[in-house]
Amino acid sequence: MKLQVNNKYYLLDDVELSTPLLYVLRNDLALNGAKFGCGLGECGACTVLVDGKPARACQLPVSTLEGRAVTTLEGLAPDETHLHPVQQAFIDEQAAQCGYCTNGMIMTLVGLFREKPNATRAEIKSALAFNLCRCGTHMEILQAAERAKA
Ligand code: FES
């Protein structure tokens, strides 16, 4: 099958089609932005965008993605010298401690702001409710979200 990731097409001739997208991204395409956390669809570390909406890559067999557009953390920046505003806001607000959840937080917020550019604090919290951070940088993450939409 052909898989579209970050506006590039990849032929997956040697990949078992039931393989979760997360494994294909990390093991076959060397795109390591999405992280393996729980592998159960519960932590959000593996979040990518599918057709612009946040999705858990550990739960998506690649066979379900023919003809769909996958965007990973690596595909967010508009060019080589600028980051996506949400990525930049995470740096500016130092919104990571270990950073393992950061991919999921950023991808979820990018998806949210595409639909709701002026999302309220409550909507931001609701969108991030199932993205887990165990370090406790929740306040910085919320500040980064507010900065990104400003
Ligand atoms: Fe996919 Fe936790 S690794 S949700």
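If you're wondering where the values come from, they're calculated on a predicted model, not measured in any experiment.

Asks: Outline the domain arrangement of the protein, supporting the account with residue identities and numerical values.
Replies: What the domain assignment lists for the protein is domain 1 (2-75) and domain 2 (85-149). The partner domain 2 presents 13 residues to the 15 residues of domain 1 that form the contact. Contributing elements (two or more residues each) for the side of domain 1 that touches domain 2: strand 3 (47-50) and strand 4 (53-56). Of the residues forming the side of domain 1 that touches domain 2, the biggest block, three residues, is contributed by strand 3. Partitioned by chemical class, the residues of the side of domain 1 that touches domain 2 number eight nonpolar, five polar and two charged.

Asks: Could you give me a rundown of the pairing of strand 2 (residues 8-11), with the residues and numbers involved?
Replies: In the sheet, strand 1 (residues 2-5) pairs with strand 2 via four bridges, with the strands oriented antiparallel. In the strand pairing of strand 2, Lys2 is matched with Leu11. Taking the residues between adjacent antiparallel strands as the criterion, strand 1 and strand 2 are bridged by two residues, where Asn6 takes a positive phi near 50°.

Asks: For helix 5 (residues 138-149), give the residues involved together with the corresponding values.
Replies: In this model helix 5 runs 17 Å from its N-terminal to its C-terminal C-alpha over twelve residues, within 8% of the 16 Å that 1.5 Å per residue would give. Residues Ile141, Ala144, Ala145 and Ala148 constitute the buried set of helix 5. The buried residues of helix 5 all sit within an arc of 100° when viewed along its axis, so they share a single face. Here the buried face of helix 5 lies against helix 2 (85-92), helix 3 (102-115) and helix 4 (121-127).

Asks: Help me get a handle on the confidence of the model for the protein, residues and values and all.
Replies: On average, the protein scores 97 in pLDDT, and the residues at 70 or more come to 100%. The complex prediction reports pTM at 0.97, with the ipTM value standing at 0.98.

Asks: Any chance you could break down the sheet that holds strand 4 for me, citing the residues and the numbers?
Replies: With respect to topology, five strands assemble into an open sheet ordered 2-1-5-3-4, the strand pairing being mixed. Single-partner strands in this sheet number two, and they are strand 2 and strand 4. Recorded for the sheet is a direction-independent mean angle of 40° between the axes of neighbouring strands. Where helix 3 meets the sheet, it contacts strand 3 and strand 4, and its direction lies at approximately 30° from that of strand 3.

Asks: I'd like a rundown of the nonpolar core, residues and numbers included.
Replies: By size, the foremost hydrophobic cluster in this structure holds 40 residues, and its most contacted members are Leu21, Val48, Ala57, Ile106 and Leu109. Of all elements in the fold, only strand 1, helix 1 (21-28), strand 3, helix 2, helix 3, helix 4 and helix 5 reach the threshold of two or more residues within this core. The residue makeup of this core includes at least three contributed by each of domain 1 (2-75) and domain 2 (85-149). Residues within four places of Val48 in sequence aside, it is in contact with Leu21, Ala34, Ala55, Ala57, Val70, Thr71, Thr72 and Met107.

Asks: Please provide a residue-by-residue account of the packing of helix 2 against helix 5, values included.
Replies: Relative to each other, helix 2 and helix 5 sit at 135°, their axes nearing to 8 Å. Between helix 2 and helix 5, the angle falls in the class oblique. For the crossing formed where helix 2 meets helix 5, the hand is right-handed. Residues Pro85, Val86, Ala89, Phe90 and Asp92 of helix 2 pack against Ala144, Arg147 and Ala148 of helix 5. Class assignment of the residues belonging to the contact of helix 2 with helix 5 gives a composition of six nonpolar, no polar and two charged.

What counts, and where the lines are drawn
- Residues numbered from 1 in each chain as written.
- Predicted model: local features only at pLDDT ≥ 70, side-chain atom pairs only at ≥ 80, totals over all residues.
- Domains from an automatic or database assignment.
- Contact = placed C-beta atoms within 7 Å.
- Helix = DSSP H or I, 4+ residues; strand = E, 2+ residues; numbered from the N terminus.
- Nonpolar A, V, L, I, M, F, W, Y, C, P; charged D, E, K, R; others polar.
- Pairing = 2+ DSSP bridges.
- Expected span 1.5 Å × (residues − 1).
- Buried ≥ 20, exposed ≤ 12 C-beta atoms within 10 Å, placed from the backbone.
- Arc of directions from axis to C-beta.
- pLDDT = per-residue confidence, 0-100.
- Axes fitted to C-alpha atoms, helices over the stretch in contact; angles between N-to-C directions.
- Core = buried A, V, L, I, M, F, W, Y, C linked by C-beta atoms within 7 Å.
- Parallel < 35°, antiparallel > 145°, perpendicular 65-115°, else oblique.
- Left-handed = near helix turned anticlockwise from the far one by under 90°.

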